[in-house]
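Summary of the model geometry
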Amino acid sequence: MIEERGGYLIKGLQDVFPDQKPINRTFINTWEDPAVTDIVKKSGRKQLILAALWTEICLAMPAIQALGEGYDVFVVTDASGGVSAESHDMAVRRLVQAGAVPITWMAVISEWQRDWARVETAVALTEVVRDHGGASGIAYAGEVQLLESATKGSNIPKIAG
């Protein structure tokens, strides 16, 4: 991603990570750039969750190389896309054969949350699901509506939503 040629973070990501600056790079395979891999190695983590603009290139190349270096790699298939449905599908198949674990964004956030009793993150997670979770967000909104209508005129506290 070369900043001078428009290589900025996607606005939605920049909003979540306002202090994060793009790494100026020319490598097609991100995993070949020490500016990237040094950060990963410094973290000491051995599990990677990856998503990319082009599944068959920007996701497959670094994921396969990281797998070869002993990392556990989870590829977020519904947060990545190929130049066609077939190219995305073939890349995911290739990644699975190489040892990557396909996963969806909803599964990732649910595994991070683990328990609705973790109130320090439950509200934020609920907002993400409500706003971006498709049918899950609609189901949640419906449940909130039912619960709120059931609590009208009672002493049961209202659920924010």
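First, a word on scope: everything that follows refers to the structure included in this document. (Residues numbered from 1 in each chain as written. Predicted model: local features only at pLDDT ≥ 70, side-chain atom pairs only at ≥ 80, totals over all residues. Heavy atoms only, no water.)

Our focus in this paragraph is the overall build of the protein. Scanning the protein from terminus to terminus reveals 7 helices and 3 strands. Seen in sequence order, the protein has helices and strands lined up from the N terminus as α-α-β-α-β-α-β-α-α-α. Buried residues in the protein amount to 28% of all 161 residues. Sequence separation of at least 24 residues holds for 54% of the intrachain contacts in the protein that already meet a minimum separation of 6. When the accessible area of the protein is evaluated, it comes to approximately 11000 Å², of which 59% is carbon and sulfur surface. (Helix = DSSP H or I, 4+ residues; strand = E, 2+ residues; numbered from the N terminus. Buried < 20%, exposed > 50% of the residue type's maximum accessible area, 1.4 Å probe, protein only. Contact = heavy atoms within 4.5 Å. Areas by Shrake-Rupley, 256 points an atom, 1.4 Å probe, with all protein chains shown as cover.)

Bringing the environment of L67 into the picture now. The topology assignment puts L67 in helix α3 (residues 55–68). By relative accessible area, which is 17% here, L67 ends up buried. C-alpha of L67 to C-alpha of A98: the two residues are 31 residues apart in sequence and 7.5 Å apart in space. Contacts of L67, omitting those with residues within four sequence positions, involve V73, L95, A98, G99 and A100.

Turning next to the packing of α3 against helix α4 (residues 85–98). The geometry of α3 relative to α4 is characterised by a closest axis approach of 10 Å and an angle of 5 degrees between their N-to-C directions. As summarised for this structure, α3 and α4 are arranged roughly parallel, according to the angle between their axes. Every residue of α4 that contacts α3 at T55, E56, L59, A60, A63, I64 and L67 is listed here: S87, H88, A91, V92, R94, L95 and A98. Taken together, the residues that form the contact of α3 with α4 break down as 9 nonpolar, 3 polar and 2 charged. (Axes fitted to C-alpha atoms, helices over the stretch in contact; angles between N-to-C directions. Parallel < 35°, antiparallel > 145°, perpendicular 65-115°, else oblique. Nonpolar A, V, L, I, M, F, W, Y, C, P; charged D, E, K, R; others polar.)

So, about the sheet that holds strand β3 (residues 101–103). The 3 strands lie next to each other as β1-β2-β3, forming an open sheet whose pairing is parallel. Two strands in the sheet have a free side with no partner beyond their single neighbour: β1 (47–50) and β3. Averaged over all adjacent pairs, the angle separating strand axes in this sheet is 25 degrees, with direction ignored. Pairing of strand β2 (residues 72–76) with β3 involves 3 bridges; the strand directions are parallel. Within the sheet, the bridge partner assigned to F74 lies in β3 and is V101. (Pairing = 2+ DSSP bridges.)

Moving on, we get to the environment of L48. Along the chain, L48 turns up in strand β1. Judged by relative accessible area, L48 falls into the buried class, the value being 9%.

All right, on to α3 then. Listed as buried for α3 are T55, E56, L59, A60, P62, A63, A66 and L67. In the core, the buried residues of α3 are packed alongside β1, β2 and α4. Backbone geometry just downstream of α3 places G70 in the positive-phi region, at approximately 95 degrees.

The backbone phi angle of R114 is positive, close to 65 degrees, even though this residue is not glycine. Checked against the element boundaries, R114 lands in the loop between α5 (105–113) and α6 (119–132). Taking the relative accessible area as the measure of exposure, R114 reaches 68% and is therefore exposed.

For the rest of this paragraph, the subject is the pattern of salt bridges. Tallied over the full model, the rule gives 4 salt bridges. Note that D89 is salt-bridged to R93, the shortest N-O span being 3.0 Å. Taken together, the residues D89 and R93, both in helix α4 and 4 residues apart, mark about one turn of the helix. The salt bridge partner of R130 is D131, with a shortest N-O separation of 3.0 Å. Assessed through its relative accessible area of 48%, D131 is described here as partly exposed. (Salt bridge = Lys/Arg side-chain N within 4 Å of Asp/Glu carboxyl O.)

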